[in-house]
Amino acid sequence: QVQLVESGGGLVQAGGSLRLSCAASGRAFSSLSMGWFRRAPGKEREFVAAFSRSDGTTYYGDSVKGRFTFSRDNSKNTVYLQMNSLKPEDTAVYYCAADPYGRSIWNQYNYAYWGQGTQVTVSS
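Now for a description of the structure that goes with this document. For clarity, every value in this text was computed on a predicted model and none was experimentally measured. (Residues numbered from 1 in each chain as written. Predicted model: local features only at pLDDT ≥ 70, side-chain atom pairs only at ≥ 80, totals over all residues. Heavy atoms only, no water.)

Topic: the overall build of the protein
The helix and strand tally for the protein stands at zero helices and eleven strands. Rg of the C-alpha trace for the protein: 13 Å, near the compact-globule value of 14 Å for 124 residues, within the 12% margin. With respect to the three principal axes, the spread of C-alpha positions in the protein is 40 × 25 × 25 Å. Counting every position in the protein, which comprises 124 residues, the buried fraction comes to 47%. Intrachain contacts of the protein at a sequence separation of at least 6 include 58% that bridge at least 24 residues. In the form shown here, the protein has an accessible surface area of approximately 6,000 Å², with 46% of it arising from carbon and sulfur atoms. (Helix = DSSP H or I, 4+ residues; strand = E, 2+ residues; numbered from the N terminus. Rg over C-alpha atoms; globule rule 2.2 N^0.38 Å. Buried < 20%, exposed > 50% of the residue type's maximum accessible area, 1.4 Å probe, protein only. Contact = heavy atoms within 4.5 Å. Areas by Shrake-Rupley, 256 points an atom, 1.4 Å probe, with all protein chains shown as cover.)

Set out below in structure tokens:
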């Protein structure tokens, strides 16, 4: 019902910046909560950032707060994750996800749709 296409991953040096994009189609963009998650090797998938349609608020995980910025371009049905001051521990596959039901954005299992993931590698 919702298709998500991610782009913008790559290799960057520690302290550098990267901007991820996630384009949504197949559903009214304004009706979706949108989130970013990541999975590092050997670790569980981790919450990064999300916009909740229920309260109209953007939330960030503690590990990225102050460094990453979530934004939206409604005209393009696209969300972005601007990543600054990148650290080697930010290395992971980053996933875009969507929830059409306005459930808690903190729970990964509330997201019905997921992108393919994009690799972010931060070198030291």
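Moving on from the coordinates now.
Notes on unusual backbone geometry
Look at Asn-77: it is not a glycine, yet its phi comes out positive at around 50°. Structurally, Asn-77 can be placed in the loop between strand S7 (68–73) and strand S8 (78–83). Given a relative accessible area of 27%, Asn-77 falls into the partly exposed group. Phi at Ser-85 is positive, roughly 50°, even though this residue is not glycine. Relative to the assigned elements, Ser-85 resides in the loop between S8 and strand S9 (92–99). Judged by relative accessible area, Ser-85 falls into the partly exposed class, the value being 41%.

Regarding the pairing of strand S11 (residues 118–123)
Residues Thr-118, Val-120 and Val-122 point to one face of S11 and are all buried, whereas Gln-119, Thr-121 and Ser-123, pointing to the other face, are not buried. By the bridge criterion, four bridges tie strand S2 (residues 10–13) to S11 in an arrangement that is parallel. The residue of S11 that forms the bridge with Gly-10 is Val-120. One ladder, built from three bridges, connects S9 with S11; its direction is antiparallel. When the bridges of S11 are listed, Ala-92 appears paired with Val-120. (Pairing = 2+ DSSP bridges.)

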